[in-house]
Amino acid sequence: YDDPLPPNGARWFSFQSPYQKEGEGEEIMRNFTWNVERPAKNWKSDMHWFNTADELSHEDGLRALSEGGFDTVLKGIGEKFGLDTLHVDSFGFVAVTNCDRGYIHTDWEDVDGR
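Just so it is clear, the model here is predicted, and its values are computed rather than measured. Numbering of residues starts from 1 in every chain and runs along the sequence as written. The model is predicted, so local features are restricted to residues of pLDDT at least 70 and side-chain atom pairs to those at 80 or more, both for listing and for counting; the totals for chains, interfaces and linings are taken over all residues. With hydrogens and water excluded, all non-hydrogen atoms of the structure serve as input to the side-chain values.

## A closer look at the overall build of the chain
And then number 1: Each helix corresponds to a stretch of at least 4 residues labelled H or I by DSSP, and each strand to a stretch of at least 2 residues labelled E; elements are numbered beginning at the N terminus. For the chain, the helix and strand inventory stands at 2 helices and 4 strands.
And then number 2: When the elements of the chain are put in sequence order from the N terminus, they spell out β-β-β-α-α-β.
And then number 3: Taken over 114 residues, the chain has a buried fraction of 19%.
And then number 4: Residue pairs at least 24 apart in sequence account for 53% of intrachain contacts in the chain once pairs closer than 6 positions are excluded.
And then number 5: Note on areas: Shrake-Rupley with a 1.4 Å probe; residue coverage comes only from the protein chains shown. In the structure as shown, the chain presents an accessible area of about 9000 Å², 50% of it carried by carbon and sulfur atoms. Exposure categories follow from relative accessible area, calculated using a 1.4 Å probe and restricted to protein chains: below 20% of the type maximum is buried, above 50% is exposed, and the middle band is partly exposed. Contacts were defined at the residue level, with two residues in contact if any of their heavy atoms lie within 4.5 Å.

## As for the pattern of salt bridges
And then number 1: One side-chain nitrogen of Lys or Arg within 4 Å of one carboxyl oxygen of Asp or Glu is enough to make a salt bridge. The tally for this structure, following the rule as stated, stands at 1 salt bridge.
And then number 2: Between D60 and R63 there is a salt bridge, with the nearest N and O atoms lying 3.3 Å from each other. Linking D60 with R63, this pair stays in helix α1 (residues 55–67), spanning 3 residues, or about one helical turn.
And then number 3: Owing to a relative accessible area of 10%, D60 belongs among the buried residues under this scheme.
And then number 4: The class for R63 is partly exposed, based on a relative accessible area of 40%.

As structure tokens, then:
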């Protein structure tokens, strides 16, 4: 990666979804917004988080997951844990190409093992 963000940096990107078809009637082409963040220096890496930054991008990500069979994965998780419904709160991924030392932490506490 030739242009990483500085630690604690963020940037937003806007582009068209590959699922949108250009020039279909009167349909307006809409842009999708994603943000990229790099955590503080605690991570000792070039880790970047990529997240949907608007509802249209989130729905587009869910569409891609669905086309890949993710609904079946969610159904299996629900059955395993006895859950009637599951909710995808956010859609994103993490990319790391270099890491000198990990940073062990927890995002949530006191969640009764869930």
